[in-house]
Amino acid sequence: MRRARPGALPRGTGSRALTSVGAGADFVGTPTDESLEQVPVVTEEELTRSKLWHITLSVSGGETPLKEVRRGLEQLAHDHPFLLTSRYANDHAEIRYWEEARDLHDAAAVALRLWGEHRSSAKLPPWEIVGLEVIDRETYHLRIAEGYGPPPAAPVGVHPY
């Protein structure tokens with residue numbers, strides 16, 4: 001069974017070409033034939049630039065003292081500088097931030113790892129992810145302009161519900 005994203009080409013079938021690196025002016029050896037040098041081929045996928053994605057991550061679990069939840073979310077905001085805002089209660093929280101990624105798949109993968117990777121360093125509650133929304137920047141701004149969707153994260157920081 002092949003493991004890859006749908007639509008991805010199998011390894012070795014892309015249009016990439018191998019290139020050689022020049023040895024430099026001080027190299028003592030056999031001169032190379034310049035006509036054999038290859039020009040690197042850059043695929044369209046490599047030219048794809050990253051974009052900003054608005055992430056809303058919802059977590060939930062057993063009750064934890066509010067003071068501990070707040071401290072953990074504040075530490076997460078310190079560790080993850082793009083965190084916009086967090087709302088919390090003693091059994092759930094919502095984290096909103098911007099993520100830079102090549103596509104939705106990459107942004108979602110990073111978002112799904114955020115809570116687990118920072119659980120011990122930020123001393124976050126042992127909650128699990130119960131919701132994830134990933135939208136591109138244009139969609140986020142369109143929602144705000146039309147008056148629906150989550151309100152802008154105006155009060156940046158960690159706040160109780």
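Bear in mind the structure is a predicted one, so any value in this text is a computation, not a measurement.

A. Local environment of the environment of Ala107. Mapped onto the fold, Ala107 is located in helix H3 (residues 104-118). Overall, Ala107 belongs to the buried group, its relative accessible area being 0%. It is 8.8 Å that separates the C-alpha atoms of Ala107 and Leu52, two residues lying 55 residues apart in sequence. Excluding residues that lie within four positions of it along the chain, Ala107 makes contacts with Trp53, Ile55, Ala101 and Val134.

B. Local environment of H3. Over its 15 residues, H3 extends 21 Å from the first C-alpha to the last, a length consistent with the 21 Å expected when each residue adds 1.5 Å. Burial in H3 covers these residues: Ala107, Ala108, Ala111, Leu114, Trp115 and His118. One side-chain oxygen at the N-terminal end of H3 lies 3.3 Å from the backbone nitrogen of His105; it belongs to Asp103.

C. Fine view of helix H2 (residues 66-79). The terminal C-alpha atoms of H2 lie 20 Å apart, and with 14 residues this matches the ideal 20 Å at 1.5 Å per residue to within 8%. Among all positions in H2, only Val69, Gly72, Leu73 and Leu76 are buried. In a view along the axis of H2, the buried residues occupy a sector of 95°, so they form one face of it. The exposed residues of H2 that point more than 90 degrees off its buried face are Lys67 and His78. In this fold, the buried residues of H2 make contact with strand E2 (83-88), strand E3 (92-101), H3 and strand E5 (157-160).

D. A look at the side chain of Thr56. With respect to the helices, strands and loops of the structure, Thr56 is situated in strand E1 (residues 51-60). Dropping the residues within four chain positions of it, Thr56 is found in contact with Glu94, Ile95, Arg96, Gly131, Leu132 and Glu133.

E. Just the sheet that holds strand E4 (residues 128-136), in detail. Read from one edge of the open sheet, 5 strands run E4-E1-E3-E2-E5, paired in mixed fashion. Bordering the open sheet on either side are E4 and E5, each of which pairs with just one other strand. Averaged over all pairs of adjacent strands, the angle between strand axes in this sheet comes to 20°, irrespective of strand direction. Direction of pairing for E1 relative to E3: antiparallel, over a ladder of 10 bridges. Along E3, the bridge assignment pairs Ser60 with His92. Lying over the sheet, helix H4 (residues 137-146) contacts E1, E3 and E4, oriented at roughly 90° with respect to E4.

F. Representation of the side chain of Asp136. Checked against the element boundaries, Asp136 lands in strand E4. Looking at Asp136, its side chain comes within polar contact range of the side chain of Thr139, at 2.4 Å. Apart from the residues lying within four places of it in its own chain, the contact partners of Asp136 are Lys51, Leu52 and Trp53.

Scoring rules and cut-offs
- Residues numbered from 1 in each chain as written.
- Predicted model: local features only at pLDDT ≥ 70, side-chain atom pairs only at ≥ 80, totals over all residues.
- Heavy atoms only, no water.
- Helix = DSSP H or I, 4+ residues; strand = E, 2+ residues; numbered from the N terminus.
- Buried < 20%, exposed > 50% of the residue type's maximum accessible area, 1.4 Å probe, protein only.
- Contact = heavy atoms within 4.5 Å.
- Expected span 1.5 Å × (residues − 1).
- Polar contact = N/O pair within 3.5 Å; in protein donor to acceptor, adjacent residues only side chain to side chain.
- Arc of directions from axis to C-beta.
- Pairing = 2+ DSSP bridges.
- Axes fitted to C-alpha atoms, helices over the stretch in contact; angles between N-to-C directions.

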